[in-house]
Amino acid sequence: MHIDIPSTQHSHDSNRHACNLRRKWSPGPLDWFSFNVDASMLKNSHRAGLAIIVRDCTGKYVAAKSLVISARDIDQAEALAVLEGLQWAQQMQCGKLILQTDNQGNAVAVRNYNKHSRREDVNLINQIKKLISSHPRWIVTYVNRVCNGPADKLAKYVRKSGVTKGWYNNNPHNVIRRQLLLDSSQVLYFTFI
């Protein structure tokens with residue numbers, strides 16, 4: 001799957017678009033794609049469900065992907081979801097990307113070159129940073145869990161069901177269809193200065 005994205009540049013604050021004060025999901029600027037990622041894991045378990053939801057700048061659903069992985073804890077699973085989302089964006093040849101995660105520790109670690117979420121995850125975070133640094137129009141930002149609803153729902157479903165799959169075009173999984181419709185009916189658009 002190839003997404004053709006124009007090469008116009010935008011100057012922006014990546015956190016402003018992500019989730020407004022009313023806690024509603026908002027799409028990114030014109031010509032940018034939003035990748036919402038999440039992981040779901042039970043305590044005392046190493047099995048995690050990962051979910052990636054892709055939407056365009058109008059909020060329209062583009063694709064979703066789910067994976068079942070083994071992880072040490074939820075922080076590592078969330079970081080692996082970020083990495084998986086970025087690798088998928090690279091495969092899709094996505095030029096302008098805002099990847100949104102509800103794990104604030106990982107978002108801060110990825111954006112701040114002097115901090116890491118945990119010592120055990122240094123290599124994983126560095127791998128994410130390296131991938132981002134090779135794509136100047138990619139950013140990773142934190143969003144409130146409420147603004148990450150479809151990814152949260154799909155990750156929980158995947159953890160329970162074990163379904164590893166991709167959903168493309170206008171055919172999202174039933175688990176997220178209602179949440180996607182709710183998000184798109186409440187979309188607020190932001191202009192970046």
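Because the structure is predicted, anything quoted here is derived from the model rather than measured.

**Student:** An account of the overall build of the chain is requested, with residue identities and associated values reported.
**Tutor:** If you tally the helices and strands in the chain, you get five helices and six strands. Its helices and strands in sequence order give the chain the pattern β-β-β-α-β-α-α-β-α-β-α, from N to C terminus. Out of the 193 residues in the chain, the part that is buried amounts to 52%. Accessible surface for the chain amounts to roughly 9700 Å². Of this, 49% is attributable to carbon and sulfur atoms.

**Student:** Give me helix α1 (residues 74–91): which residues, what numbers.
**Tutor:** Counted at 1.5 Å a residue, the expected span for α1 with its 18 residues is 26 Å, and the 25 Å between its end C-alpha atoms agrees. Remark: Gln-93 follows α1 within two positions and exhibits a positive phi of approximately 55 degrees.

**Student:** I'd love a proper account of the packing of aromatic side chains, names of residues and values included.
**Tutor:** Taken as a whole and assessed by the stated rule, the structure comprises two aromatic pairs. Measuring from centroid to centroid gives 6.2 Å for Phe-35 and Trp-88, while their planes differ by 75 degrees, and the two rings are edge-to-face. Note that Phe-35 is positioned in strand β1 (residues 33–41) and Trp-88 in helix α1, a separation of 53 residues in sequence. Assigned by exposure class, Phe-35 and Trp-88 land together as buried. Among the aromatic side chains, those forming a connected cluster through ring pairs are Phe-35, Trp-88 and Tyr-168. A cation sits over an aromatic face here: Arg-55 above Trp-25, 3.7 Å from the ring centre.

**Student:** Got a sec to walk through helix α3 (residues 122–133)? Specific residues and values, please.
**Tutor:** For α3, which comprises 12 residues, the first-to-last C-alpha distance of 16 Å matches the rise-based estimate of 16 Å (1.5 Å per residue) to within 8%. Among all positions of α3, only Leu-124, Ile-125, Ile-128, Lys-129, Leu-131 and Ile-132 are buried. The buried residues of α3 all sit within an arc of 160 degrees when viewed along its axis, so they share a single face. Residues Asn-123, Lys-130 and Ser-133 are exposed on α3 and point more than 90 degrees away from its buried face. Looking at the packing, one finds that the buried side of α3 touches α1, α2 (104–111) and β5 (138–142).

**Student:** Go over unusual backbone geometry, please, and point to the residues and values.
**Tutor:** The residue Asn-44 is not glycine, and still its phi comes out positive at about 65 degrees. Here Asn-44 lies in the loop between β1 and β2 (47–55). A positive phi angle is found at Gln-93, which is not glycine, with a value near 55 degrees. Looking at the secondary structure, you find Gln-93 in the loop between α1 and β4 (97–101).

**Student:** How would you explain the confidence of the model for the chain if you had to name every residue and give the values?
**Tutor:** Considering every residue of the chain, the mean pLDDT works out to 83; 81% of them sit at 70 or more. Contacts for the low-pLDDT stretch residues 189–193, under 50 throughout, to residues beyond four places or in other chains number 16 contacts.

**Student:** I'd like a rundown of the pattern of salt bridges, residues and numbers included.
**Tutor:** Pairs can form between side chains of opposite charge once their charged atoms are near each other. Considering all chains together, one arrives at five salt bridges under this definition. Between Lys-65 and Glu-84 there is a salt bridge; the shortest N-O distance is 3.2 Å. Taken together, the residues Lys-65 in strand β3 (residues 61–70) and Glu-84 in helix α1 connect sequence positions 19 residues apart. Where Asp-152 meets Lys-156, a salt bridge forms, and the shortest distance between an N and an O atom there is 3.2 Å. Highlighted residues: Asp-152 and Lys-156, both in helix α4 (residues 149–161), separated by four residues, approximately one helical turn. Taken together, the salt bridges that share partners define one network made up of Arg-72, Asp-73 and Asp-121.

**Student:** Outline the environment of Lys-96, listing residues and values.
**Tutor:** For Lys-96, the location among the structural elements is in the loop between α1 and β4. Residues Lys-96 and Gly-28 lie 68 residues apart in sequence; the distance between their C-alpha atoms is 9.6 Å.

Cut-offs used in this document
Residues numbered from 1 in each chain as written. Predicted model: local features only at pLDDT ≥ 70, side-chain atom pairs only at ≥ 80, totals over all residues. Heavy atoms only, no water. Helix = DSSP H or I, 4+ residues; strand = E, 2+ residues; numbered from the N terminus. Buried < 20%, exposed > 50% of the residue type's maximum accessible area, 1.4 Å probe, protein only. Areas by Shrake-Rupley, 256 points an atom, 1.4 Å probe, with all protein chains shown as cover. Expected span 1.5 Å × (residues − 1). Phe/Tyr/Trp six-rings, centres within 6.5 Å; stacked < 30°, edge-to-face > 60°. Lys NZ or Arg CZ within 6 Å of the ring centre and 35° of its normal. Arc of directions from axis to C-beta. Contact = heavy atoms within 4.5 Å. pLDDT = per-residue confidence, 0-100. Salt bridge = Lys/Arg side-chain N within 4 Å of Asp/Glu carboxyl O.

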